[in-house]
Amino acid sequence: GTGSDSCHGARGGLAGGVVALVNSVGLGPGLRAWAGAGGARGESWRAWGGAGRGAGPRLPGLGHGAFLWAQVGYQDFHAFDLSEATRVLEWIGDKGVFVAGYESRKKNEILHLTLPFRLSVKENQGLFPERDFKVRHGGFSDRPVFDLKHVPDTRLLVTSGLPGCYLQVWQVAEDSDVIQAVSTIAVHEKEGHLWPRVAIFSSVAPGILHGVRLSSLKVVDLESQKTMYTSGVSDSDELSSLQVLDAHTFAFCCTSGRLGLVDTRQKWAPSENLSPCPGSGGGRWCAEVGGRGRGPGPHIASLGSDGHLCLLDCRDLSHPESSVQCAVSTPSPAPELLRVTWAPGLDNCLAISGFDGTVQVYDVMSWDGMGGQAEPLFTHRGHVFLDGNGIDTAPLVTTHTWHPQKPRTLLSAASDASLHVWDWVDLRASC
Amino acid sequence: MPEIRVTPLGAGQDVGRSCILVSIGGKNVMLDCGMHMGFNDDRRFPDFSYITRNGRLTDFLDCVIISHFHLDHCGALPYFSEMVGYDGPIYMTHPTQAICPILLEDYRKIAVDKKGEANFFTSQMIKDCMKKVVAVHLHQTVQGDYNMTPDRHLGAAWIDKCRPNLLITESTYATTIRDSKRCRERDFLKKVHETVERGGKVLIPVFALGRAQELCILLETFWERVNLKAPIYFSTGLTEKANHYYKLFITWTNQKIRKTFVQRNMFEFKHIKAFDRAFADNPGPMVVFATPGMLHAGQSLQIFRKWAGNEKNMVIMPGYCVQGTVGHKILSGQRKLEMEGRQVLEVKMQVEYMSFSAHADAKGIMQLVGQAEPESVLLVHGEAKKMEFLKQKIEQEFRVNCYMPANGETVTLPTSPSIPVGISLGLLKREMAQGLLPSAKKPRLLHGTLIMKDSSFQLVSSEQALKELGLAEHQLRFTCRVHLHDSRKEQETAARVYSHLKSVLKDHCVQHLPDGSVTVESILIQAAAHSEDPGTKVLLVSWTYQDEELGSYLTSLLKKGLPQAPS
């Protein structure tokens, strides 16, 4: 039905406390606003109409400002406004995240935020009023921050940005709330508009994996800044993501879609895919290793700016297992913001963002073969619905991340400085 | 002395017992007089010994200003005025004056009746204290505990670009990023709805002021949109009184609400009815707002006792509960409560805590500082270690000094006060007629008389001032004799003097009058023959008291002699 239908006659309860309320004014074409909440009570769905019902007078003076928005399938939903938009969401433990600004004309803030306390509590959630993020530490960066990584088991952070091809190392103070810049790591490649990707080899002597292109890929010891490993190749493929898998292996993905797994104990000899995902016409790619797919080993999910999502088994990168076209309408307006992440707490689920103001969750087991259309399990539309501007350019999701412990909780940030924490209900899990 | 001195007596670097002493323009002002809700002993009051050392409070303090009626800003007022001793004026806005005594009495009742405190202020003391209150309009004070996003019925805090020397702001919540109001409201509505849907009853104990109205408006809107039938009740008593006050102070509310007041009074609800205690036994779902807010007595406690045993029911606590109250106990997770007569009440109903706290967050504080454009900022209400980042943020973004004193620590701020002075047109014209206009590099001395009448300053000519005072003016004129060797005639000597002075004193107006005398500005130089020595000429240099400086200069210049005239 469309937004103005009303089915308020339907009785029944809601599984897991799902509430669906509609603002009939704000819905665009094709947006479905009904909750399909199956559940213990056996009712299929419940919805309410908005102002279109015509019953009773509209409350004067409150008007559009008092609308109730569509939220389908949420267990929990918290929306925050940061003072500046962030492109990074990096966990520290499971209770804190780092965010950082990316504006080029002013000082940017790097903030260590602790999650609202009630989200960490398993029982008696209702007793905890603390719904707010707390700024635990803060610091200032002269440059925009495009990537931020926490060095595990230390109080150090590494950030990457522009201008200047170098990585900044920060210290999170113990006795005060300040994040201080402490040193830099030089990246000798002088590239005007390209910034080095970063990943951390966590160990007693942490190593910083970084590079702009395959040719400049290297691992540097954090303390001594000595180079521990280099690719040693002259390939100029631009890197789009780096991911450390264990003490000796890392994965890289190039913007062209070229993927590889590297063992640092050997001279450069990565296992690679032959070509980007079949059926796609180029564009820009990013990827993440994780998940289990069909086989027992880890898989790589590769996402292209034209909406193609490809699944490869790490043991055999030459033959992709499956590929789908995601339910996104346009190619990404900002391919550098493309992100695909595997759910750490769920089998076979991943999330994508970077096409618009939404985050989509997919179940890779439901794909079959190559090239078909895929429907997301869940789409988070909060950044679009809660956008205060309305008619102006819709916000774009800049990054998202899964909660390390709570299986269906995600954090997402958008270009309008909004930050959401949401917990979606798997609508298929009905009894 | 043009300094501002600030000393927090409470809320220096901790939360609660807001009390700041400010010495400004020669006056001593106390801002707020709050209670610390976390303590039961003397620590709950600000440390007044800092000022009582100096003698009687009434002599030392010029006034007390209370920003708003929250207990951590006014809770210690009766103690301060009646038990410590202060008889001077206490300023607050009209709504605060109306609501303050209600909250103070409420709090006193819990402390004394419920918790058996001994050394507490009495009801009479509250009344006596309020007699010292002088109510003022908003432009004279600024609302405390501000929030930059509008409450449904109160306006958002907004401040003019007043450019104060100092902005004092709380920083408790500066490290907080609050979730959107809509999310919190959604959560509240969801809980109420779920309970009502399963046939349960929802009890919302309220403090009778502020939140209750907002939650009513929210529920009313929701009930209307969703066409719910379950009754909503609002208990009478204190709440009615509060509603009454709200209606009186409708002008203080949000623009939108004010506009609708004519068509429909927001505080008369369609779905919300007055509660009768008999309704509590009615079967079926319902929502009840009842006072008091901490379930410590009265109607809300009565209803709670009736409904606590049913797990379908829910109680939603909307705010802070003081230790010792039932509210506090159930929020701590207690499920078995000992009531009077040793009766044990088992709590099976759901307990929820909704915080709709009114404080501003990081963004809000920065917004306020940006609007006001102060010269300096002072932070109170936060812990030093947790304010370092905010301090840096403020200093960087607004390029101002940021201070965070502890309790008892004084911050001194130098200021450069500017005092506007009006100058009479006649005086100005006369000075301009004197000759060359003064420039930044060559200032000129202006003589006048400063008249201070009421609070204005006027600079007028001495004659005018004398006239106003009815005094006669006496002119003082100095004359100096300078002897020169010159055998020529006086007229020639005078001419030589003229050309000499003209060439030397380029900045001054030098004139040669028809009668032979030379004037430099208002100084007169006449050449006369020496009575005995024809080879000597006497120059008479005469000047008025005002031109003393120039006069002495000319004299010493002429004493050096004239340059040889070309023959």
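One can find the structure itself at the top, above this paragraph.
The notes below deal with the structure included here. Quick caveat: nothing in here was measured; it's all calculated off a predicted structure. Counting of residues starts from 1 at the beginning of each chain's written sequence and follows it residue by residue. Numbering of ligands from 1 and lettering of chains from A proceed in the order in which they are written. The predicted origin of the model limits local features to residues at a pLDDT of at least 70 and limits the giving and counting of side-chain atom pairs to 80 or more, whereas totals for whole chains, interfaces and linings rest on all residues. No hydrogens and no water enter the side-chain calculation; it runs on all heavy atoms of the structure.

### Focus on the sheet that holds strand β15 (residues 249–254) of chain A
Residues and elements named next belong to chain A. When DSSP finds at least two bridges between two strands, those strands are taken to pair. Runs of E in the DSSP output that reach at least two residues are strands. Runs of H or I that reach at least four are helices, and both are numbered from the N terminus. Reading across the sheet, the four strands line up as β14-β15-β16-β17 and stay open at both edges, with antiparallel pairing between neighbours. Across the chains shown, the open sheet's two edge strands, defined by having one partner strand only, are β14 (239–244) and β17 (271–272). Sheet analysis places β14 next to β15, joined by five bridges and oriented antiparallel. By the bridge assignment, Gln243 is partnered in β15 with Ala251.

### Things to note about unusual backbone geometry
Residue and element names in this part refer to chain A. Across the junction of Leu162 and Pro163, the peptide omega takes the value 0 degrees, indicating a cis bond. Within the secondary structure, Pro163 sits in the loop between β7 (156–161) and β8 (166–172). Even without glycine at this site, Asp153 takes up a positive phi of about 65 degrees. Of note, Asp153 is situated in the loop between β6 (145–150) and β7.

### Here we look at the environment of Gly561 of chain B
Residue and element names in this part refer to chain B. Its place among the elements puts Gly561 in the segment after α18 (548–559). Note on classification: 1.4 Å probe, protein chains only; a residue is buried when its accessible area is under 20% of the maximum for its type, exposed when over 50%, partly exposed between these limits. A residue is classified by how much of its surface remains accessible, and Gly561, at 22% relative accessible area, is partly exposed. Throughout, a contact is declared for two residues whenever any of their heavy atoms are within 4.5 Å. Setting aside residues up to four positions removed in sequence, Gly561 forms contacts with Leu484 and His500.

### Focus on the packing of helix α4 (residues 77–85) of chain B against helix α6 (residues 123–131) of chain B
Residues and elements named next belong to chain B. Each axis is a line fitted through C-alpha atoms, and for a helix only the stretch in contact is used; angles between axes span 0 to 180 degrees, taken between their N-to-C directions. Axis separation between α4 and α6 bottoms out at 9 Å; the angle between their running directions is 90 degrees. Taken together, the axes of α4 and α6 lie roughly perpendicular to each other. The residues of α6 that touch α4, namely those facing Leu77, Pro78, Ser81, Glu82 and Met83, are Met125, Ile126, Asp128 and Cys129. Nonpolar residues are Ala, Val, Leu, Ile, Met, Phe, Trp, Tyr, Cys and Pro. Charged residues are Asp, Glu, Lys and Arg, and all others, Gly as well, are polar. When the residues that make up the contact of α4 with α6 are grouped by side-chain class, the tally is six nonpolar, one polar and two charged. Here is the rule for angles: anything less than 35 degrees is roughly parallel, anything more than 145 is roughly antiparallel, 65 through 115 is roughly perpendicular, and the remaining ranges are oblique.

### Looking at the sheet that holds β8 of chain A
Residues and elements named next belong to chain A. Here we have four strands laid out as an open sheet, ordered β6-β7-β8-β9, and antiparallel in their pairing. Edge positions in the sheet fall to β6 and β9 (179–186), since each has one partner strand and no second. Between one strand axis and the next, the sheet turns by 25 degrees as a mean value, whatever way the strands run. Where β8 lies against β9, seven bridges are found, and the strand directions are antiparallel. Its bridge partner being in β9, Tyr166 is matched across the sheet by Ala186.

### Observations regarding the pairing of β7 of chain A
Residue and element names in this part refer to chain A. Of all the six residues making up β7, six are buried; the element is thus mostly covered by neighbouring parts of the structure. In β7, alternate side chains face the same way, and those of Leu156, Val158 and Ser160 on one face and Leu157, Thr159 and Gly161 on the other are all buried. Here five bridges tie β6 to β7, and the two strands are oriented antiparallel to one another. Bridge assignment links Asp147 to a residue of β7, and that residue is Ser160. Between β6 and β7, which pair antiparallel in sequence order, lie five residues; one of them, Asp153, sits at a positive phi of approximately 65 degrees. Remark: four residues form the turn of the hairpin made by β7 and β8, two consecutive strands paired antiparallel; Gly164 in that turn has positive phi of roughly 85 degrees.

### Some remarks on the packing of aromatic side chains
The description of an aromatic ring pair rests on the distance of the ring centres and on the angle between the ring planes. Working definition: rings of Phe, Tyr and Trp (its six-membered ring) pair if their centres are within 6.5 Å, and the pair is stacked with planes under 30 degrees apart, edge-to-face with planes over 60 apart, and tilted otherwise. Following the criterion strictly, the structure yields 18 aromatic pairs over all chains and no others. Summarising the aromatic geometry, the rings of Phe201 of chain A and Phe250 of chain A are spaced 6.3 Å apart at their centres and angled 80 degrees between planes, so their arrangement reads as edge-to-face. Of this pair, Phe201 of chain A sits in strand β10 (residues 197–201) while Phe250 of chain A sits in strand β15, and the two are 49 residues apart along the sequence. The same class applies to Phe201 of chain A and to Phe250 of chain A, which are both buried. When the centroid spacing of 3.9 Å and the interplanar angle of 5 degrees are considered together, the rings of Phe45 of chain B and Tyr79 of chain B count as stacked.

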